[in-house]
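Observations on the model geometry
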Amino acid sequence: MWVTIAGVDGEPVLRRGDVSMSGMFVETDQRVGEPGSVQTVTVTSFARESSVELLARIVRLVLVHDLWHGSGVAGIALEFLLDNLEKRQQLEAVIRDVMASRSYVAESLGGAGQAADQLDPPPVEPEPAGDAAGHLGVRVMVLDAGWPVSVGESIRCRIETPQSGRQAELTGRVMRSTIEPTDAGARYRLEVDFARAVDQARVAEGRSISDAMDSLLEEVVFPDLEAPRPRSREHLRGLLARIRLPSLLAFCELERLSGVLSLQRDGEQGQVFLRNGQVVDAELERAGADPRTVIAELCGWEDGTFDFSLREVQRADRLQLSTSALLLTLAQERDEA
């Protein structure tokens, strides 16, 4: 898929990775930001038939340590911060198109040494009936092996969680196989598609492959809990050059977040106070400015940093407007000026 990271990429970059409704992992050698920082990313399907721009938070960096070249970034995992229904629908369309083109790209690259960005777009096929994106689950895994496996070969895997011993036995086809030299010899990295299994996969408790895999992954991610906990949004930080204040406030309103959003630029600091997603007050270090004037000024900041902390806000509401109404009013006043 094509991925554009604001402030890092000048144009879309074709990257290998995986995408879902909750986030994505992509390979990159760029220092995008630290875990917890918020970025603006644009995800476009391989054939460029669908695209979505949204906010995303870095949740993990994959680092490599090379004896000759030193340390570097190999990939980033991002959690999507969907701020409206339209973005969700656009993301669903991108996922459908990415899944549709995945097998086409793998088959095209299987026997020829052609770069992915030089391939012709895959043929257009009618969309399947129903909401396909609503049923997307875990269907592709990347496995490391110590032996060579050819593209198209069948592989059977048994996946088991260490605590409960729950397991799923799946059979799939190898879509991609690459070799990586190591000190101990060679390591083979295999991308296996379980959705195109050559025979019926046996799944524990009679559930679908996606349901079983989701259940197993929940236990791996939350090993000490009986049930998965909701994802925390207690802390967000990033650069205003990549995400401006209006986008941040729109997201906070959608999530109904309460807390303090601190912004800094050239030694100057401002704070925006939110309760249940509504801006109730704002202030700059210099005294005397009313909160509406402060918000208007902060919305114009094109650089600096932001940091959001989740907490109870007891301040009186000095604006008496919803966040969306406030942003719309300020935008109209700016256009008139």
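Presented here is an overview of the structure given in this document. Keep in mind that this is a model prediction, so the values were computed, not measured.

What follows deals with the overall build of the chain. Scanning the chain for helices and strands turns up five helices and 17 strands. In the chain, buried positions account for 39% of the 337 residues. In the chain, once contacts between residues fewer than 6 apart in sequence are set aside, the share between residues at least 24 apart is 61%. For the chain, the accessible surface area stands at approximately 18800 Å², while carbon and sulfur atoms represent 48% of it.

Another aspect to go through is the nonpolar core. With 30 residues, the main nonpolar core has Leu 261, Leu 263 and Val 272 as its most contacted residues. Elements that contribute at least two residues to this core include exactly helix 3 (245-255), strand 14 (259-265), strand 15 (268-275), strand 16 (278-284), helix 4 (291-299), strand 17 (305-310) and helix 5 (323-336). Here this core gets five residues from one element, more than from any other, and that element is helix 3. In contact with Val 272, other than residues within four places in its own chain, are Leu 249, Gly 259, Val 260, Leu 261, Leu 263, Val 279, Asp 281, Ala 282, Ile 295 and Leu 298.

Right, let's talk about the pattern of salt bridges for a bit. One pass over the structure, following the stated rule, counts seven salt bridges. A salt bridge links Glu 283 to Arg 315; the nearest nitrogen and oxygen atoms lie 3.1 Å apart. Of this pair, Glu 283 sits in strand 16 while Arg 315 sits in the loop between strand 17 and helix 5, and the two are 32 residues apart along the sequence. Counted as one network, the salt bridges with shared partners bring together Asp 281, Glu 283, Arg 315 and Arg 318.

On strand 1 (residues 2-5), burial covers both faces: Trp 2 and Thr 4 on one face and Val 3 and Ile 5 on the other are all buried. Direction of pairing for strand 1 relative to strand 5 (residues 37-44): antiparallel, over a ladder of four bridges. In the strand pairing of strand 5, Trp 2 is matched with Thr 44. Where strand 1 meets strand 2 (residues 13-14), two bridges bridge the pair, whose relative direction is antiparallel. In the strand pairing of strand 2, Trp 2 is matched with Leu 14.

Criteria and cut-off values
Residues numbered from 1 in each chain as written. Predicted model: local features only at pLDDT ≥ 70, side-chain atom pairs only at ≥ 80, totals over all residues. Heavy atoms only, no water. Helix = DSSP H or I, 4+ residues; strand = E, 2+ residues; numbered from the N terminus. Buried < 20%, exposed > 50% of the residue type's maximum accessible area, 1.4 Å probe, protein only. Contact = heavy atoms within 4.5 Å. Areas by Shrake-Rupley, 256 points an atom, 1.4 Å probe, with all protein chains shown as cover. Core = buried A, V, L, I, M, F, W, Y, C linked by side-chain atoms within 4.5 Å. Salt bridge = Lys/Arg side-chain N within 4 Å of Asp/Glu carboxyl O. Pairing = 2+ DSSP bridges.

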